[in-house]
Amino acid sequence: MNCKHAANNRKQIHMIGNAHLDPVWLWKWPEGLGAMRATFRSALDRMKETEGFVFTSSQAAMYEYVERCDPELFEEIKERVAEGRWIIVGGWWVQPDCNIPGNEGFVRQALYGIRYFKEKFNVDIRVGYNVDSFGHSGMLPQILKKTGMDYYVFMRPGPHEKPELPGRIFQWESPDGSRVLAYQIPMSYNSGWSNGLVEKIEKTKAELSESQPLLMCFYGVGNHGGGPTKENLQNIQKAAETATDVDILLSDPVRYFEALEARGLDFPVVRDDLQHHASGCYSVHSEIKRNNRKAEHGLVSAEKLASLAGKLVGFAYPQRDLTRAWKDVLFNQFHDIMAGTSIKEAYEDARHMH
């Protein structure tokens, strides 16, 4: 189950081991980050057990937490990243809501996330990754492209919500002409604990065609973390051994897009927002949305004034305080916080952070 041994002209399913983890949703952030540590440990254990297993993960905020509270775990992750078996995607501080943050908020997601991953792991992020966000603003390709990303992975809106999308794979273009190659996840980013992955692989096979001969199939337990299970990997092994008309590969989004582009296919262009999903979220919990915008504008003003004060009167620029403040704002842009879909206690935490 290795990409390098796949026949170039055959259809392929790239199996993406991941663990979608909401640091806040139906739980508060201490529980979410605690589940993340257990999930990362589980992924490392699967690597020891299964040759060729590759794990895909995002969200710099979670890695910073591990770095601070579990340095040994962090060092193990660094080793696996260097080996090419732990793949970092997304490059943003969290997986934010992709409609509500202002332009500066999106840029800071990339600035703080990409810088962190480069400094700590020496990796350049090429794949944008917001698999659970509730729709995606049409200006995102410009920000993605200008921060070094050529690809974008998303799930929502699904085919039933935006049937006019030409397929799972397309060139997504923003108004300025910037393009990224976008991929819409079939069905779900999770596979659960049961045998559902077998059915999911079969459904993914059914979507393969001449125009999309390579597809990704995501597996692993989420939204409270968990990641790929032993049963998942056993099911993939059986599917790979019995498949006669398709290669089933343990892979990651970077390898997938590289293999896809090597086919030299032309993909249709979409010049539009990717909407709509969960529209009601955008009319609820006005406080979190108001506080986000006030914090964004306040921080930009503070930076400008601090810079001027430094030039005029030698004021010491408060880099540490501003960085901490921005990270709190970026964390609260996480899609299940910003959209208003988390529990009441989560918003008490968010209010204090703002």
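Residues numbered from 1 in each chain as written. Predicted model: local features only at pLDDT ≥ 70, side-chain atom pairs only at ≥ 80, totals over all residues. Heavy atoms only, no water.

Quick look at the sheet that holds strand 9 (residues 246-251) now. Sheet architecture is open: three strands sit in the order 8-1-9, paired in parallel fashion. Looking along the sheet, the strands with just one partner apiece sit at the ends: strand 8 (214-219) and strand 9. Pairwise comparison of adjacent strand axes, ignoring direction, gives a mean angle of 25 degrees for this sheet. Here six bridges tie strand 1 (residues 11-17) to strand 8, and the two strands are oriented parallel to one another. Considered in strand 8, the bridge of Gly17 is made with Tyr219. Sitting on the sheet, helix 7 (residues 230-242) is in contact with strand 1, strand 8 and strand 9, with an inclination near 150 degrees to strand 9. (Pairing = 2+ DSSP bridges. Helix = DSSP H or I, 4+ residues; strand = E, 2+ residues; numbered from the N terminus. Axes fitted to C-alpha atoms, helices over the stretch in contact; angles between N-to-C directions. Contact = heavy atoms within 4.5 Å.)

On to the nonpolar core. One broad rule of soluble globular proteins: the nonpolar side chains tend to lie buried together. Grouped together as the largest cluster of nonpolar side chains are 101 residues, with contacts concentrated most on Phe40, Tyr63, Trp86, Phe121 and Phe257. Examining the composition of this core, we find that seven residues originate from one element, helix 1 (residues 29-49), more than from any other. For Phe257, the residues in contact, after removing those within four places along its chain, are Val127, Tyr151, Tyr152, Val153, Leu181, Tyr183 and Met216. (Core = buried A, V, L, I, M, F, W, Y, C linked by side-chain atoms within 4.5 Å. Buried < 20%, exposed > 50% of the residue type's maximum accessible area, 1.4 Å probe, protein only.)

Pairing within the open sheet is mixed, and its five strands lie in the order 4-5-7-6-10. Each end of this open sheet is capped by a strand with a single partner; those strands are strand 4 (127-130) and strand 10 (269-270). Here strand 6 (residues 169-173) pairs with strand 10 via two bridges, running parallel. Residue pairing for strand 10: Trp172 is matched across the bridge by Val270. The strands that helix 8 (residues 253-262) touches are strand 4, strand 5 (151-154), strand 6 and strand 7 (179-184); relative to strand 7, the one it contacts most, it runs at about 110 degrees.

What follows covers helix 12 (residues 344-353). Among the residues of helix 12, Ala346, Tyr347, Asp349 and Ala350 are the ones counted as buried. Burial along helix 12 is one-sided: seen end-on, the buried residues are contained in an arc of 155 degrees. Residues of helix 12 that are exposed and angled more than 90 degrees away from the buried face: Lys344 and His352. Buried residues along helix 12 sit in contact with helix 1, helix 9 (286-313) and helix 11 (335-338). (Arc of directions from axis to C-beta.)

Without other data, these values stay purely geometric and don't point to any function.
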